[in-house]
Amino acid sequence: MAVLVGAAAIAVYAGVVRPWMLAWGATQAERIGPLPGDDVVPNARYVTTRAVTIDAPPDRIWPWLVQMGQDRAGFYTHNWVERLLQSGIPDDHAIHPEWQTLAVDDLMRTNRDIGGKPMGWPVVAVDPPRSLVVRSNNMPAGSYAFVLEPIDDDHTRLIVRDRAVWSAREWPFAALIYEPLHAYMETGLMRGLKQRAEQAKISSTVSLV
């Protein structure tokens with residue numbers, strides 16, 4: 001009986017939960033369409049595409065996106081996890097003018113310094129207010145692309161694509177730990193960014209009345 005229950009759980013996870021997790025919120029066209037940053041890791045064997053609609057134009061979302069980082073505004077996600085990991089990542093709810101500049105080869109910090117070494121993702125492409133692409137050099141080696149696709153004057157699709165290369169020995173870690181945790185944190189980032197951009201839009205509208 002236990003074997004059957006375990007097999008059923010694995011089948012549900014593989015056939016329902018995992019596909020939903022890897023393509024959270026994304027349409028079929030978004031999942032298969034090309035995006036900025038796809039060429040950074042052309043041989044990726046692991047690709048996820050997630051998306052959410054934000055009730056704001058790209059130029060109101062971009063300031064929140066470009067100021068992300070452990071030494072800047074944080075990542076707008078589940079702060080309890082970041083506190084548990086002692087990453088030193090803040091939970092900021094304001095746009096900071098001093099953090100609005102980001103260039104290729106800058107480091108988007110992801111953690112406190114470990115062993116005196118800055119931890120983070122090098123920026124490989126910046127195209128305001130459309131896309132920001134960063135590279136991960138290890139665990140996994142890959143790229144993360146944050147893309148803003150306008151729907152109309154007041155609505156935008158935030159599309160986040162991860163492309164990675166896992167070695168055979170890394171796959172157990174990827175499947176059991178990285179994949180669900182990263183999905184939890186990345187969808188949290190997307191929700192947090194959406195909430196801030198939409199709230200800022202409401203505040204701006206109110207201030208103009």
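Rules behind the numbers
- Residues numbered from 1 in each chain as written.
- Predicted model: local features only at pLDDT ≥ 70, side-chain atom pairs only at ≥ 80, totals over all residues.
- Heavy atoms only, no water.
- Phe/Tyr/Trp six-rings, centres within 6.5 Å; stacked < 30°, edge-to-face > 60°.
- Helix = DSSP H or I, 4+ residues; strand = E, 2+ residues; numbered from the N terminus.
- Buried < 20%, exposed > 50% of the residue type's maximum accessible area, 1.4 Å probe, protein only.
- Pairing = 2+ DSSP bridges.

Peer 1: Just to check I follow, could you spell out the packing of aromatic side chains for this structure?
Peer 2: Where two aromatic rings form a pair, the distance of their centres and the angle of their planes describe that pair. Within this structure, the stated rule accounts for seven aromatic pairs. Note on Trp64 and Tyr76: the rings are 6.1 Å apart at their centroids and 75° apart in plane angle, and the pair reads as edge-to-face. Here the residue Trp64 occupies a position in helix α3 (residues 58-66), and Tyr76 occupies one in the loop between α3 and α4 (79-84), the gap between them amounting to twelve residues. Per residue, the accessibility class of Trp64 equals that of Tyr76, and both read buried. One aromatic cluster in this structure is built from Tyr46, Trp166, Trp171, Phe173 and Tyr178.

Peer 1: I keep staring at the pairing of strand β4 (residues 131-137) and nothing clicks. Help me out?
Peer 2: The side chains of a regular strand alternate between both faces of the sheet. Within β4, five of the seven residues are buried, which leaves it mostly tucked inside the rest of the structure. Taking the residues that link successive antiparallel strands as the turn, the strand β3 (residues 117-127)-β4 hairpin has three residues. Pairing of β4 with strand β5 (residues 141-152) involves seven bridges; the strand directions are antiparallel. Along β5, the bridge assignment pairs Ser131 with Val147. Once β4 ends, the chain turns through three residues before running back antiparallel as β5, passing Met139 with a positive phi of about 40°.

These values are about where atoms sit, not about what they do.
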